[in-house]
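# Structure at a glance
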Amino acid sequence: MKLTTPGPRTLLLKNALVLATMDDERREIADGAVLVRGHEIIAVGTIDEIEAAHHGPYYEIIDLSGHVLLPGLVNTHHHMFQSLTRATPAGQDAELFGWLQAHYPIWAHITPDMIHVSAVTAMSELVLSGCTTSSDHLYLYVNGSRLDDAISAAERVGIRFHAARGAMTVGESKGGLPPDRIVEDEAAVLTEMQRLIETFHDPARFAMLRVVLAPCSPFTVSDNLMRESAVLARQHGVSLHTHLAENDNDIRYSLDVYGKTPGQYVEDLGWVGPDVWHAHCVKLDDAAISLFGRTGTGVAHCPCSNMRLASGIAPIRQMRAEGVPVGLGVDGSASADSGHMLGEARQAMLLARVGFGPQAMTAREALEIATRGGAKVLNRDDIGQIAPGYAADLVAFDVRGLDFAGAQADPLAALVFCTPGKVSLSVINGRIVVRDGQLQTIDLGRQVEAHNAASRLLMTKAGLA
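Below you will find a few notes about this structure. All values reported here derive from a predicted model rather than from experimental measurement.

Before going further, it helps to spend a moment on the overall build of the protein chain. For the protein chain, the helix and strand inventory stands at 15 helices and 17 strands. For a compact globule of 465 residues, the expected C-alpha radius of gyration is about 23 Å, and the protein chain comes in at 21 Å, within 12% of that figure. Projected onto its principal axes, the C-alpha coordinates of the protein chain cover approximately 70 × 45 × 45 Å. Counting across all 465 residues of the protein chain, residues that qualify as buried make up 62%. Carbon and sulfur atoms make up 51% of the accessible area of the protein chain, which totals about 16,700 Å². Once the 38 positive and 53 negative side-chain charges of the protein chain are each reduced to a mean point, those two points are 3 Å apart.

A grouping of Ile313, Val354 and Phe356 is seen on the molecular surface, where their side chains present a nonpolar patch of about 290 Å² in accessible area. Since its relative accessible area comes to 46%, phenylalanine 356 is described here as partly exposed.

This brings us to the pattern of salt bridges. Applying the stated criterion across every chain, the model contains 23 salt bridges. With a shortest N-O distance of 3.6 Å, glutamate 368 and arginine 320 are connected by a salt bridge. Taken together, the residues glutamate 368 in helix H13 (residues 363–377) and arginine 320 in helix H11 (residues 316–321) connect sequence positions 48 residues apart. Judged by its relative accessible area of 17%, glutamate 368 falls in the buried class. By relative accessible area, which is 29% here, arginine 320 ends up partly exposed. Where aspartate 443 meets arginine 446, a salt bridge forms, and the shortest distance between an N and an O atom there is 3.7 Å. In this structure aspartate 443 comes out as partly exposed when scored by relative accessible area, which is 44%. With a relative accessible area of 64%, arginine 446 lands in the exposed category. One salt-bridge network, held together by shared partners, links Arg146, Asp148, Glu192 and Arg195.

Moving on, we get to the packing of helix H5 (residues 186–200) against helix H6 (residues 223–236). Look at H5 against H6: their axes get within 11 Å of each other, and the N-to-C directions meet at 20 degrees. Considering the angle they form, H5 stands roughly parallel to H6. Regarding H5 and H6, the two cross each other, and that crossing is right-handed. When H5 is examined against H6, the residues Glu186, Val189, Leu190, Met193, Gln194 and Ile197 are found in contact with a partner set consisting of Asn224, Leu225, Glu228, Ser229, Leu232 and His236. Across the contact of H5 with H6, the residue classes break down as 6 nonpolar, 4 polar and 2 charged.

This brings us to the side chain of aspartate 149. Tracing the backbone through its elements, the reader meets aspartate 149 in helix H4 (residues 148–157). Although aspartate 149 is buried, it forms no salt bridge, and the closest oppositely charged side chain is arginine 146 at an N-O distance of 5.6 Å. In this structure the side chain of aspartate 149 is engaged in a polar contact, spanning 2.8 Å, whose partner is the backbone nitrogen of arginine 146. For aspartate 149, the residues in contact, after removing those within four places along its chain, are Pro112, Ile115 and His116.

Before going further, it helps to examine the pairing of strand S2 (residues 28–37). Across 8 bridges, the pairing between strand S1 (residues 10–20) and S2 is antiparallel. Looking across to S2, one finds that threonine 10 is bridged to arginine 37. Counted along the chain from S2 to the antiparallel partner strand S3 (residues 40–46), the turn is 2 residues long, and its residue glycine 38 has a positive phi close to 65 degrees.

Note that strand S15 (residues 425–428) and strand S16 (residues 431–435) share 3 bridges and pair antiparallel. Each bridged residue has a counterpart across the sheet, and for isoleucine 428 the counterpart in S16 is arginine 431. The turn linking S15 back onto S16 is made up of 2 residues, and asparagine 429 within it adopts a positive phi angle of 55 degrees. Where S16 hands over to strand S17 (residues 438–439), the hairpin turn is made up of 2 residues, of which aspartate 436 adopts a positive phi near 55 degrees.

One pair of aromatic rings is described through two measures. These are the centre distance and the angle between the planes. Enumeration according to the criterion identifies 8 aromatic pairs in this entry. Geometrically, the ring pair formed by phenylalanine 219 and tyrosine 253 is edge-to-face, given 6.2 Å between the ring centres and 75 degrees between the ring planes. Of the two residues, phenylalanine 219 sits in the loop between strand S9 (209–215) and H6 while tyrosine 253 sits in helix H7 (residues 248–258), which places them 34 residues apart along the sequence. An aromatic cluster is built from Phe81, Trp99, Tyr104, Trp107 and Tyr139, whose rings are joined through pairwise contacts. A cation over an aromatic ring shows up here: arginine 165 above the ring of tyrosine 141, its NZ or CZ 3.6 Å from the ring centre. A cation sits over an aromatic face here: arginine 205 above tyrosine 390, 5.8 Å from the ring centre.

Counting 125 residues, the largest nonpolar core has Trp107, Ile110 and Phe292 as its most contacted members. Looking at this core, the element that brings in the most residues is helix H3 (residues 112–128), giving 10 residues. When residues no more than four places from it in sequence are discounted, the contact partners of isoleucine 110 are Phe81, Leu84, Ile115, Leu140, Val142, Asn143, Ser145 and Leu458.

With that settled, the discussion passes to the packing of H3 against H4. Packing of H3 against H4 brings their axes to within 8 Å, and their N-to-C directions diverge by 40 degrees. One way to sum up the angle between H3 and H4 is to call them oblique. When the axes of H3 and H4 are compared, the crossing they make is right-handed. Facing H3, whose interface residues are Pro112, Ile115, His116, Ala119, Val120, Met123, Ser124 and Val127, H4 presents Asp149, Ala150, Ser152, Ala153, Ala154, Arg156 and Val157. Class assignment for the residues of the contact of H3 with H4 results in 10 nonpolar, 3 polar and 2 charged.

Here is what the cut-offs are and how they apply
- Residues numbered from 1 in each chain as written.
- Predicted model: local features only at pLDDT ≥ 70, side-chain atom pairs only at ≥ 80, totals over all residues.
- Heavy atoms only, no water.
- Helix = DSSP H or I, 4+ residues; strand = E, 2+ residues; numbered from the N terminus.
- Rg over C-alpha atoms; globule rule 2.2 N^0.38 Å.
- Buried < 20%, exposed > 50% of the residue type's maximum accessible area, 1.4 Å probe, protein only.
- Areas by Shrake-Rupley, 256 points an atom, 1.4 Å probe, with all protein chains shown as cover.
- Lys, Arg positive; Asp, Glu negative; His and termini not counted.
- Charge placed at Lys NZ, Arg CZ, Asp CG, Glu CD.
- Patch = residues over 30% accessible without salt bridge, like charges linked within 9 Å, V, L, I, M, F, W, Y side chains within 5 Å.
- Salt bridge = Lys/Arg side-chain N within 4 Å of Asp/Glu carboxyl O.
- Axes fitted to C-alpha atoms, helices over the stretch in contact; angles between N-to-C directions.
- Parallel < 35°, antiparallel > 145°, perpendicular 65-115°, else oblique.
- Left-handed = near helix turned anticlockwise from the far one by under 90°.
- Contact = heavy atoms within 4.5 Å.
- Nonpolar A, V, L, I, M, F, W, Y, C, P; charged D, E, K, R; others polar.
- Polar contact = N/O pair within 3.5 Å; in protein donor to acceptor, adjacent residues only side chain to side chain.
- Pairing = 2+ DSSP bridges.
- Phe/Tyr/Trp six-rings, centres within 6.5 Å; stacked < 30°, edge-to-face > 60°.
- Lys NZ or Arg CZ within 6 Å of the ring centre and 35° of its normal.
- Core = buried A, V, L, I, M, F, W, Y, C linked by side-chain atoms within 4.5 Å.

Function-wise, these values are silent; they only describe arrangement.
See the structure below:
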């Protein structure tokens, strides 16, 4: 049903089986409805409440009978270029350091076109799994590749994007992990970070694109780059991101090279605060957890990757109890081999229970971490919940199918307990990006063909095909 109306486009979503707002009261509304005007949510409630307060006409009305409606999921950690090397034999059964050393020689051949096509694939996969906002930690810049190549992909797909300018500057000859041929000069990195902020960063409310400064990890960059990037970020009001305390070898490196635990390392470098988040933190000690809680320093929890690489089980329940902001990350597709955000939420719940008991994480807590938790980690106050004044980022899952048969007693929890599904509807910044389960912005058939061709070319260049 469409009616012409002047002014910003209005969209009415109605008859949702359950509307999980994730607002401050965590309201769950049966027969829920949401009114959107332009980029913004205007009203939330039952259809009777909304129609009593807001009279049409509406540009479009969508009936969500049999659907669960919730805020768009927020992905706080990814390496999208790695979707070119999913399930490669190299490093399939290795821990983090061995896995990286197996893949560095392959990734050395990546081109700008490969960065772009892999980002389009990764973003499409995320969107179809319920994600509406994603960060990407791109730390590999070889053969002319730039962060611009991933940014243009986000514009094509229509996802809200936090583009993290990573860097590796300490190669093997200086005691780092990556080969010297794929590291960068630190002065050039800082100059490029400045360019990206000035060219792309949007600090405004409802921004679709923000820039993040993200030196890769303690074992790939110097403490000088960490300090200088923090100074630059705070001069411009942008966030900071890196890897931290991912596994035992990571801890050992910090102790051997810096003489510090990961928590001491980041505190000394000024890498704590609400404008900072760290990926993994599987081996974060009690003192560091307390530090992160006091300072509002965020954590990107990546359960699938942590299991795949046998890194361990992050103490997420303890972190949240101490006030640490926690979001979810699908991590690189070559370590998690999947970019399904709802699936990541399910794994977060299951892994927490394996490590700490059946009450370590509920289904609703997993969804909360995936939505408003991720928003807080990314230092945003305009996404992550369905409430008036928030960005119109909404996703709906149809629970009338086979995978949810028998789960009608609690369809919201069923999203996490049952087989992870794909979205039926995705609205990002007020724009319908997925309708009836179909991505509207990308021809997926052609995209997969282009992606596989790029992957084959990469393997050929690396001498593996």
